[in-house]
Structures are given as C-alpha cells and as structure tokens.
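These are the residues of each chain, in order.
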Amino acid sequence: MAGAIGGGGLGDFAIRFGYQQFRTDITLLTVALLLVVVQALQFGGDTWARRLARR
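The rules behind the values
- Residues numbered from 1 in each chain as written.
- Predicted model: local features only at pLDDT ≥ 70, side-chain atom pairs only at ≥ 80, totals over all residues.
- Heavy atoms only, no water.
- Helix = DSSP H or I, 4+ residues; strand = E, 2+ residues; numbered from the N terminus.
- Buried < 20%, exposed > 50% of the residue type's maximum accessible area, 1.4 Å probe, protein only.
- Areas by Shrake-Rupley, 256 points an atom, 1.4 Å probe, with all protein chains shown as cover.
- Patch = residues over 30% accessible without salt bridge, like charges linked within 9 Å, V, L, I, M, F, W, Y side chains within 5 Å.
- Salt bridge = Lys/Arg side-chain N within 4 Å of Asp/Glu carboxyl O.
- Lys, Arg positive; Asp, Glu negative; His and termini not counted.
- Charge placed at Lys NZ, Arg CZ, Asp CG, Glu CD.

**Comments concerning the overall build of the protein chain**
- Regarding its fold elements, the protein chain presents two helices and zero strands.
- Looking at the 55 residues of the protein chain, the share that counts as buried comes to 13%.
- Put simply, the protein chain shows about 4,800 Å² of open surface, and 67% of that area lies on carbon and sulfur atoms.

Shown next, in the form of structure tokens:
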C-alpha cells in the first residue's frame, strides 16, 4: 500500500508498471519477489531471536 501513496520501492513498481499498464506478468513477478524478500527477512529475524534467547 505504501507504493500506492508514493512510498516507492517494489510496491510502487508493481503498481505503476504492472497493475496500471495491465502487465500481469510484471505484477506476479514483483509479488513473488516481495514474498521471497519478506520470507528471507522473517527467517533471518527468527534465527537471530532464537540465538539471542539462548544466551
């Protein structure tokens, strides 16, 4: 949603070049990339929290 109101980044890219230009391939690729980025950050944060909890 931040991309829709001027936040920039991948969300903005997906809206401008995918959704608004009816390019489903770009929209799906960007959403998949966002999911990979979020999952990587979540995994890293979970691992870091587990290590800190053991100390």
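**Brief notes about a positive patch on the surface**
- A cluster of basic residues, Arg-50, Arg-51, Arg-54 and Arg-55, forms a positive patch on the protein surface.
- Within the secondary structure layout, Arg-50 lies in helix 2 (residues 24-54).

**Focus on the pattern of salt bridges**
- Within this structure, the stated rule accounts for two salt bridges.
- For the salt bridge of Arg-16 with Asp-12, the shortest nitrogen-to-oxygen distance reads 2.9 Å. A residue pair is termed a helical-turn pair when its members lie 3 or 4 positions apart in one helix, as Arg-16 and Asp-12 do in helix 1 (residues 9-19) at four residues.
- Using a relative accessible area of 47% as the deciding quantity, one classes Arg-16 as partly exposed.
- Residues Asp-25 and Arg-23 are paired through a salt bridge, measuring 3.4 Å at the closest nitrogen-oxygen approach.

**Thoughts on a nonpolar patch on the surface**
- A surface patch of nonpolar side chains, about 410 Å² in accessible area, is lined by Leu-10, Leu-33, Leu-34, Val-37 and Leu-41.
- Ranked by the residues each element gives to the nonpolar patch, the list is headed by helix 2, at four residues.
- Within the secondary structure, Leu-41 sits in helix 2.
- By relative accessible area, which is 62% here, Leu-41 ends up exposed.

**Some thoughts on unusual backbone geometry**
- The phi dihedral of Phe-22 falls on the positive side, at around 55 degrees, and the residue is not glycine.
- With respect to the element layout, Phe-22 can be found in the loop between helix 1 and helix 2.
- Residue class for Phe-22 comes out exposed when judged on its relative accessible area of 76%.

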